[in-house]
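Examination of the molecular architecture
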Amino acid sequence: MNKGGGMKKMKYVLVTGGVVSGLGKGVTASSIGVLLKACGLRVTSIKIDPYLNTDAGTMSPFEHGEVYVLDDGGEVDLDLGNYERFLDIKLTRDNNITTGKIYQAVIDKERRGDYLGKTVQVVPHITDAIQEWIERVALIPVDGQPGPADVCVIELGGTIGDIESMPFTEALGQFSYRVGAGNFCLIHVSLVPVISAVGEQKTKPTQHSVRGLRSLGLTPNILACRSTSALEENVKQKLSQFCHVPAENIITLYDVPNIWHLPSLLRDQKAHEGILGALNLPGFVNVAREPNLKEWTSRAEFCDMLLEPVRIAVVGKYTGLSDSYLSLLKALLHASVSLRKKLVVDWVPASDIEDETARENPDAYKAAWKLLKGADGVLVPGGFGDRGVEGKILAAKYARENRIPFLGICLGMQIAVIEFARSILGLHDANSTEFDPDTKSPCVVFMPEGSKTHLGGTMRLGSRRTYFQVMDSKSAKLYGNRGFVDERHRHRYEVNPDMVSSLEDAGLSFTGKDETGQRMEIVELPNHPYYIGTQFHPEFKSRPGKPSALFLGLIAAACGQLDPLLHTHKFPNGMAKKISLYQNGNATKFAKIPADGIYSNCNGVHA
């Protein structure tokens, strides 16, 4: 990038939000990263969360959405999942900055005496620590190539003006001055509501938001306005006049059928030109060619065209908030698109299919069982606590007995083992010691290295290796007949090694184990169309063009296409073939490609 041969300077793009939360800053930041990557730049990302928690690991999925797990075991905000999926990168725990992490680092330094007797204050000590953290983490390579990236996209969580984010806005104001105008670009995501009675796009909330931003020492280069439809020209001019932002740098993030359209939406409004201009890289993209978003655009359009549905029942305890299972939804989506199916997810609250609900709320019970019985496949995700566990066991039993494709993840695998022990081995009190510490048949037990007193970061976390024990198994074939696979974990309990032999004698097959052979990683029922449980979380490594093997298997099985997939060993690897047919306008041939799969609702607002 630096043609003079000297040390190149890191470029920074900061994404902030105004007016209200939930505008989609994470998806916007991810899409900006995709756009810059399409311009030929290497991109890394940082998410700032102003809460006091050290990390996201101890927060309820109902309150904060899912806890996303990284290779290094970091329990982080779900937006880092957006970044990894969109940019196909591997981030570290330090790419998620929280108030808790910053204050802890500063207090640790104070206790060591590093401040030499000074009074430790928010300014300069906290603000300096934030800036130093950003500079340090921005240099960590995340795309598998040596050396630091060209651009670091930073997302500041929350809304401008929040008390919690004040130290960060002050630090970032100082930071923009420190790195220099040509190395810093601020994109402010704001809301332009439409008052239904008048039908007019109102600019006042954004005006106030930008005024607040400026009062905190930050000046936006680009305004990204969330609205139901494209901004009218007079509205753009008004925003430009009152917010002091050139009209060509005011873009609309209007509602789209699916979020894969966002990078091309930004490109079509020349957002890359505004960003590259602010970063003093105006000639980095040859003016004669647009950023290369061919695959992204084709995937987004292909996604909109899918019609043939496949229904997956997700039996969980956090079904009231889809963000609680965001990576899982995206993994289902990636697999569905690859197999050319429209995914329909039926949320089944696990407690609603239990006998107690049948007595107390018969309507909810009937509705839940109707959804479960109407599904082409069943997925039981992870979770903590005993609420809904018996319902998950009933779902596993239903899928096993009725030969419905089933995938159990983490707790989902453990309940599949418990159900098998109860139904096939006749151990009616079989349970996990997590739910019944006194059970006489402990199928699932607390891991010996775990902690029962400290909850934060004390689980088995991050990327661990699983070795296949049975190469003729569905899981081994789906993973391409490799000897081992690396997947991400997050659990405190495991299948009891003392019960493995009796379970296997009864027909359950533990096809994947860790390096010791004592920890069960993958379980299968060989005589079932598709019944697999994993101790790890395969959803965290699924990517739009590279779906997770086990989710691909679930979707294929739910559509009756698993055998061809396993026998040919030809797995969808991106959109190349589908895209070429689509772009050549060969609609007839396209429609006749023999494949059935699944696809989940594409019209959400998250990545």
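Residues numbered from 1 in each chain as written. Predicted model: local features only at pLDDT ≥ 70, side-chain atom pairs only at ≥ 80, totals over all residues. Heavy atoms only, no water.

Moving on: the overall build of the chain. Per the secondary structure count, the chain includes 22 helices and 23 strands. Here the chain holds 607 residues, and the buried ones make up 58% of them. Considering only intrachain contacts with a sequence separation of at least 6, the fraction spanning at least 24 residues in the chain is 74%. (Helix = DSSP H or I, 4+ residues; strand = E, 2+ residues; numbered from the N terminus. Buried < 20%, exposed > 50% of the residue type's maximum accessible area, 1.4 Å probe, protein only. Contact = heavy atoms within 4.5 Å.)

This brings us to the packing of helix α12 (residues 326-338) against helix α19 (residues 549-558). At a minimum axis separation of 9 Å, α12 and α19 run at an interaxial angle of 60°. Comparing their axes, α19 and α12 come out oblique. By crossing handedness, the relation of α12 to α19 is classed as right-handed. Counting all contacts with α12, which are made through Leu328, Ala331, Leu332, Ala335, Ser336 and Ser338, the residues of α19 involved are Phe551, Leu552, Leu554 and Ile555. Split by residue class, the contact of α12 with α19 holds eight nonpolar, two polar and no charged. (Axes fitted to C-alpha atoms, helices over the stretch in contact; angles between N-to-C directions. Parallel < 35°, antiparallel > 145°, perpendicular 65-115°, else oblique. Left-handed = near helix turned anticlockwise from the far one by under 90°. Nonpolar A, V, L, I, M, F, W, Y, C, P; charged D, E, K, R; others polar.)

Here we come to helix α3 (residues 79-87). Among the nine residues that make up α3, nine are buried, leaving the element largely enclosed by the rest of the structure. Backbone geometry just downstream of α3 places Asp88 in the positive-phi region, at approximately 50°.

Looking now at the pairing of strand β15 (residues 406-409). With burial as the criterion, each face of β15 is covered, one bearing Phe406 and Gly408 and the other bearing Leu407 and Ile409. Sheet analysis places strand β14 (residues 377-380) next to β15, joined by three bridges and oriented parallel. Following the sheet pairing, Leu379 is matched in β15 by Leu407. What joins β14 to β15 is helix α15 (residues 389-401), and the crossover it makes is right-handed. Two elements, β15 and strand β23 (residues 531-534), share four bridges in a ladder whose sense is parallel. For Phe406, the partnering residue across the bridge sits in β23 and is Tyr531. (Pairing = 2+ DSSP bridges. Right-handed = clockwise from strand over helix to strand, strands pointing away.)

Looking at the element boundaries, Ser327 is found in helix α12. Those residues in contact with Ser327 that sit more than four places away from it in its chain are Glu66, Tyr68, Arg85, Glu539 and Phe540.

Looking now at the sheet that holds β14. The strand order β13-β12-β14-β15-β23-β22-β21-β18-β19 describes an open sheet built from nine strands, whose pairing is mixed. Because the sheet does not close on itself, it has two edges, and the strands there are β13 (342-349) and β19 (484-491). Averaged over all pairs of adjacent strands, the angle between their axes in this sheet comes to 25°, without regard to strand direction. Bridge count for strand β12 (residues 309-316) against β13 is eight bridges, and the pairing is parallel. From the neighbouring strand, Gly316 faces β13, where its bridge partner is Pro349. Packing of α12 onto the sheet brings it into contact with β12, β13, β14 and β15, and relative to β13 it is tilted by some 150°.

The residue after Val123, namely Pro124, is reached through a cis peptide bond having omega 15°. Examined against the element boundaries, Pro124 turns out to sit in helix α5 (residues 122-138). Its identity as a non-glycine residue notwithstanding, Val19 has a phi of 75°, on the positive side. With respect to the helices and strands, the residue Val19 is situated in the loop between β1 (11-17) and α1 (25-38).

Another point: the nonpolar core. Generally speaking, nonpolar side chains in soluble globular proteins are found buried as a group. In this structure, Val13, Ile32, Leu36, Cys185, Ile187, Trp260 and Ile275 are the most contacted members of the largest nonpolar core, which totals 53 residues. When residues of this core are assigned to their parent elements, the largest contribution, seven residues, is made by α1. Shared between two domains, this core takes at least three residues from each, and those domains are domain 1 (13-301) and domain 2 (306-440 + 459-567). Discounting residues that sit within four places of it in the chain, Trp260 has contacts with Phe86, Trp296, Arg299, Ala300, Cys303, Leu333, His334, Val337 and Pro544. Listed in part, the 43 residues of the second largest apolar core include Ala350, Ala395, Ile404 and Val500. (Core = buried A, V, L, I, M, F, W, Y, C linked by side-chain atoms within 4.5 Å. Domains from an automatic or database assignment.)

This part covers the environment of Ala300. By the secondary structure assignment, Ala300 is in helix α11 (residues 294-305). Sequence separation between Ala300 and His261 is 39 residues, and the spatial gap between their C-alpha atoms is 5.6 Å. Apart from residues no more than four positions distant in its own chain, Ala300 is found in contact with Asn258, Trp260 and His261.

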